[in-house]
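Summary of structural features
Single-letter residue listing:
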Amino acid sequence: MQKPWLLFAVAVTVMWGLWGALTAMLGSGTPSTIIYSIWAVTMVIPCVIALKLVGWKLATDKYSILLGCTIGFLGSGGQMLLFHAVDTGPAYLIFPIVSLSPLITIVLSFLLLKERTGKLGTIGIFLALITLPLFEYSQGDESSTHNLVWFLLAISVMAAWGLQAFFMKFSNNHMNAESIFFYMTITALLLIPVAYFMTDTQSLKDFDFSTIPSIASIQILNSIGATASAF
């Protein structure tokens, strides 16, 4: 039975759109590393559900593990950078930049997998690329260095997620989507200690742990979207 790819694509768009908007509303009071850690834990829920639906069939050969972990670290690393970018720059500009990540996937698919796109697709890619310099701007009393940091972080996330999607596309010919998401979840959890050691001690002391449920309810939207993207 063919998977309803359009339904999954719409689910990704809706879930990540809501997640991006609500994450921006969290403000700068919550350390980005803590948000990352909470997000990583929320990945477990859809992961368990996905594996249960396929009878816990998991690809465990070396090639699958390598591909799965590559996809996972690109996604989780990009996620960590994204949360830091939102701390340092305007979310309403960062998320549109990150949303251009499919450009990386399309270009790599064209160069490495010999896939082709039509004239309208080529024009769309060109127009999207020339808009990127327009996102780097100066505002008020913010220094140009500060502006450059969030812009470079956003570009890095775009590149990481574009590469992730390419490897995900490539891996779908070798392993099932549920296995891909399992390795995405494992790598996300493995980076939690890194996030912890990156967290400022004082900000950790000032963190209101009663906000964890509300943060988790926002971050699980991303996890559900990530599940759909794997399909």
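Data block above holds the structure.
Heads up: these notes are all about the structure in this document. These figures come from a predicted structure and were not determined experimentally. (Residues numbered from 1 in each chain as written. Predicted model: local features only at pLDDT ≥ 70, side-chain atom pairs only at ≥ 80, totals over all residues. Heavy atoms only, no water.)

1. Focus: the overall build of the chain
Helix and strand counts for the chain come out as twelve helices and zero strands. The order of helices and strands in the chain, counted from the N terminus, is α-α-α-α-α-α-α-α-α-α-α-α. Pairs at least 24 apart in sequence give 87% of the contacts found in the chain among residues at least 6 apart. When the accessible surface of the chain is split by element, carbon and sulfur atoms take 72% of a total near 12,400 Å². (Helix = DSSP H or I, 4+ residues; strand = E, 2+ residues; numbered from the N terminus. Contact = heavy atoms within 4.5 Å. Areas by Shrake-Rupley, 256 points an atom, 1.4 Å probe, with all protein chains shown as cover.)

2. Focus: the side chain of Ser37
Within the secondary structure layout, Ser37 lies in helix H2 (residues 32-42). Judged by its relative accessible area of 17%, Ser37 falls in the buried class. Filtering out sequence-adjacent residues up to four positions away, Ser37 remains in contact with Ile192 and Ala195. (Buried < 20%, exposed > 50% of the residue type's maximum accessible area, 1.4 Å probe, protein only.)

3. Observations regarding the packing of aromatic side chains
Taken as a whole, this structure holds eight aromatic pairs when the rule is applied. Aromatic pair Trp19 and Phe83: ring centres 6.2 Å apart, planes at 75°, arrangement edge-to-face. Taken together, the positions of Trp19 in helix H1 (residues 5-24) and Phe83 in helix H4 (residues 62-88) put the pair 64 residues apart, joining distant regions of the chain. Each member of the pair, Trp19 together with Phe83, is buried. (Phe/Tyr/Trp six-rings, centres within 6.5 Å; stacked < 30°, edge-to-face > 60°.)

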